[in-house]
Amino acid sequence: GLIELLLLGSTIVSAGQSFECTPTRVWDGDGPIWCAEGPRVRLSGIAAREMDGSCSPGHPCPKASAKAARDALVELVGTAKGRSSEGHILVSGPTLTCRSVGGAGGKRTAAWCVSPKSGDLSCAMVKGGWALKWSKYWKAPAAMDNRPALKARMAKLLFGAEVYFFVWMIIGWPLWNLISFWMQ
């Protein structure tokens, strides 16, 4: 019951472990995102403004306001359903797939999370301009490394280019020469 919920709320997921997170609350643009399963996720690799508009010393400082960043993260994870008495935005959204990189201070787990709605949340926050990459922590775990997908896209592109070149050499080039000859 209540004791289990309190214990889960303080759970920090060990580095390297994958876990699910059904978002229930969002504090600011880089988290924490509270998960129905217990963890509180601090998005890895990025920094957003604090809710008072400040930037923590030594952290990257994006131009986007804290409210804009928080609201963007809420939209990326689901739908706003209200506000808690502490100021968190209550959310409802699809379950995220996360991979922990360990503790992020306090009761938070630093993690890379992917939403079926929005893709990689850290990347989406940076792409939207609501957060900045934090080079010190911008190290995606191997399980979320997109290089195999990139290699597959490149192979498809190159194969497509090879086919196009082959068709041009067999049909296009001789036809071009024939038309050029007739035009003389």
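Residues numbered from 1 in each chain as written. Predicted model: local features only at pLDDT ≥ 70, side-chain atom pairs only at ≥ 80, totals over all residues. Heavy atoms only, no water.

**As for the pattern of salt bridges**
So the rule is basically this: Criterion for a salt bridge: a side-chain nitrogen of Lys or Arg within 4 Å of a carboxyl oxygen of Asp or Glu. Secondary structure elements are defined from DSSP: runs of H or I of at least 4 residues count as helices, runs of E of at least 2 residues count as strands, and each element is numbered from the N terminus.
On inspection of all chains with the given rule, the structure shows 5 salt bridges. Two residues, Asp71 and Lys67, come together in a salt bridge whose shortest N-O distance is 2.8 Å. Separated by 4 residues within a single helix, Asp71 and Lys67 lie in helix H2 (residues 66–77), roughly one turn from each other. The partner of Glu75 in a salt bridge is Lys117, with the nearest N and O atoms 3.7 Å apart. Separated by 42 residues along the polypeptide, Glu75 in helix H2 and Lys117 in the loop between strand E9 (108–115) and strand E10 (119–120) bring together distant segments of the chain. Through salt bridges with shared partners, a single network forms among Lys67, Arg70 and Asp71.

**Some thoughts on the environment of His59**
Looking at where His59 falls in the secondary structure, it is placed in the loop between strand E5 (46–47) and H2. As for His59 and Ala47, which are separated by 12 residues in sequence, their C-alpha atoms are 6.5 Å apart.

**A short note on the state of the cysteines**
In plain terms, the rule: A pair of cysteine sulfur atoms is labelled a disulfide when the two atoms are within 2.5 Å.
As enumerated under the stated definition, the model contains 3 disulfides in all. Each sulfur in the disulfide pair Cys21 and Cys35 lies 2.1 Å from the other. The disulfide joining Cys21 to Cys35 has a torsion of about -90 degrees about its S-S bond and is therefore left-handed. On the criterion of sequence distance, the pair formed by Cys21 in strand E1 (residues 18–21) and Cys35 in strand E3 (residues 33–35) is long-range, its members being 14 residues apart. Between the sulfur atoms of Cys55 and its disulfide mate Cys61 the distance is 1.9 Å.

**Focus: the pairing of strand E4 (residues 40–43)**
Short version of the rule: Each residue is assigned to one of three classes by its accessible area relative to the maximum for its type, calculated with a 1.4 Å probe on protein chains only: buried under 20%, partly exposed between the two thresholds, exposed over 50%. Note on pairing: DSSP must find at least two bridges between two strands before they are called paired.
A two-sided burial pattern is seen for E4, the buried positions comprising Arg40 and Arg42 on one face and Val41 and Leu43 on the other. In this structure, E3 lies alongside E4, joined through 2 bridges in antiparallel fashion. Looking at the pairing, Ile33 lines up with Val41 of E4. Between E3 and E4, which pair antiparallel and follow one another directly, the connecting turn spans 4 residues, one of which, Gly38, has a positive phi of 125 degrees. Pairing of E4 with E9 involves 4 bridges; the strand directions are parallel. Residue pairing for E9: Val41 is matched across the bridge by Thr109.

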